[in-house]
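# Close look at the chain arrangement
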Amino acid sequence: MRVIRKYNGYYTQFLIDYEREEKKELTGKQTGLDVGLNYFYTDCSGNQIDNPRFLRKDERKLKKLQRRLSRTQKGSQNRQKARNKLGRAHLKVSRRRNDWACKLAQHVIRSNDLVAVENLRIRNMVKNHHLAKSISDAAWYRFREWLEYMARVYGVPVIAVEPAYTSQNCSNCGEKVVKTLSTRTHECPHCGYIADRDENAARNILKSALKQLSNKETDKKSINGLI
Ligand SMILES: [Zn+2]
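Scope of this entry: the structure provided in the associated data block. (Residues numbered from 1 in each chain as written. Predicted model: local features only at pLDDT ≥ 70, side-chain atom pairs only at ≥ 80, totals over all residues. Heavy atoms only, no water.)

Glancing now at a nonpolar patch on the surface. Together, Met1, Val3, Tyr10, Phe14, Ile16 and Tyr18 make up a nonpolar patch on the protein surface, roughly 850 Å² of accessible area in all. Here Phe14 is to be found in the loop between strand 2 (9-13) and strand 3 (30-34). Residue Phe14 is classed as exposed on the basis of its relative accessible area, which comes to 61%. (Patch = residues over 30% accessible without salt bridge, like charges linked within 9 Å, V, L, I, M, F, W, Y side chains within 5 Å. Areas by Shrake-Rupley, 256 points an atom, 1.4 Å probe, with all protein chains shown as cover. Salt bridge = Lys/Arg side-chain N within 4 Å of Asp/Glu carboxyl O. Helix = DSSP H or I, 4+ residues; strand = E, 2+ residues; numbered from the N terminus. Buried < 20%, exposed > 50% of the residue type's maximum accessible area, 1.4 Å probe, protein only.)

If you want it as C-alpha cells, here you go:
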C-alpha cells in the first residue's frame, strides 16, 4: 500500500497479487492496426477510429493554463493558484484519456483472436518529454498498455512487428509501391489492388505478424525434430 499526493488530494493505492482471467469466445477474426496522423488507428478491414475530439480540446486548455501560469510572478499567491489549476487540469485530462484508451483496447481484444501492431518503441518516446509532442502520442501509449493488459486477461495474442515498409509494400502482391506522405490511396500498378493507404499498411502489419508466428512454429518444429 502506498499513499500518494496529487493536485486534488491524497490517494491510497493498494497492490494486490491477483491474476485476472476473463472468458472469451473465439471470433474467427484477426486484425492489424496502423497508427496514422489523420486517425487514431486504421484496421485491416478499413475501419478507422478518429482521434477523440476531447484530446485537441484538452490540449488547448492545458496550453492556456500553462501560459497563465508563466505570466504570474514567482513566489506569489497567484502563481500557487495557477499551478494548482494546471495540475488539476492535467489530472482530469489524463484520466479521460486513460478511460477512453482502456475501453477501446478492451473492445479490440474482445472482437479479435489475434491483434498485430507496429512496434514503435513508444516507451522510449514518452520517457523523453520533448519527443512526447502531443497528447495523442500519450493516448496511443496508454492504448498500447491497455492492449497488452487486456491481451493477458482475455488470452488474445498481441504481436508487435517492426514498422519497416508497412506503408510502402502492396499487401496483396508484396511489390514495393513508393508513396509520399500525402498519397492517401494505395494503387498497385503490379496487381491492380487499390485500398486506403492506412488500410494497406494495417494489412501488411497483420501479414508480417502472421509470418513472425509461422517462423516461430517452424523453429520449434525443427528443434523438436533434432531432439
Ligand atoms: Zn500489388
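This part is about the coordination of the zinc ion. In the first shell of the zinc ion, the protein supplies Cys170 (SG), Cys173 (SG), Cys188 (SG) and Cys191 (SG), at 2.3 Å from the metal. Given four donor atoms and angles of 108 to 112 degrees at the metal, the environment of the zinc ion is assigned as tetrahedral. Residue class for Cys191 comes out partly exposed when judged on its relative accessible area of 34%. (Donors = N, O, S within 2.8 Å, 3.2 Å for Na, K, Ca; no water. Tetrahedral: all angles 85-135°; square planar, octahedral: opposite > 155°, others 65-115°.)

This part is about the nonpolar core. Of all hydrophobic cores here, the largest spans 23 residues; its most connected members are Leu33, Phe40, Tyr41, Ile109, Val115, Phe143 and Leu147. For this core, the leading source of residues is helix 4 (residues 135-154), giving eight residues. In this structure, Cys44, Leu114, Ile205 and Leu206 belong to the second largest nonpolar core, which totals nine residues. (Core = buried A, V, L, I, M, F, W, Y, C linked by side-chain atoms within 4.5 Å.)

Residues in a regular strand project their side chains so that they alternate between the two faces of the sheet. Both strand 1 (residues 2-6) and strand 2 contribute to a ladder of five bridges, which runs antiparallel. Paired with Arg2 across the two strands is Gln13, which belongs to strand 2. The antiparallel hairpin formed by strand 1 and strand 2 contains two residues in its connecting segment. (Pairing = 2+ DSSP bridges.)

Bringing the sheet that holds strand 7 (residues 158-161) into the picture now. Reading across from one edge, 5-4-3-6-7 is the order of the five strands in this open sheet, with mixed pairing throughout. Strands with a single pairing partner mark the edges of an open sheet, and in this sheet they are strand 5 (48-49) and strand 7. Sheet topology note: the strand 3/strand 4 (residues 41-43) ladder contains two bridges and is antiparallel. Each bridged residue has a counterpart across the sheet, and for Asp34 the counterpart in strand 4 is Thr42.

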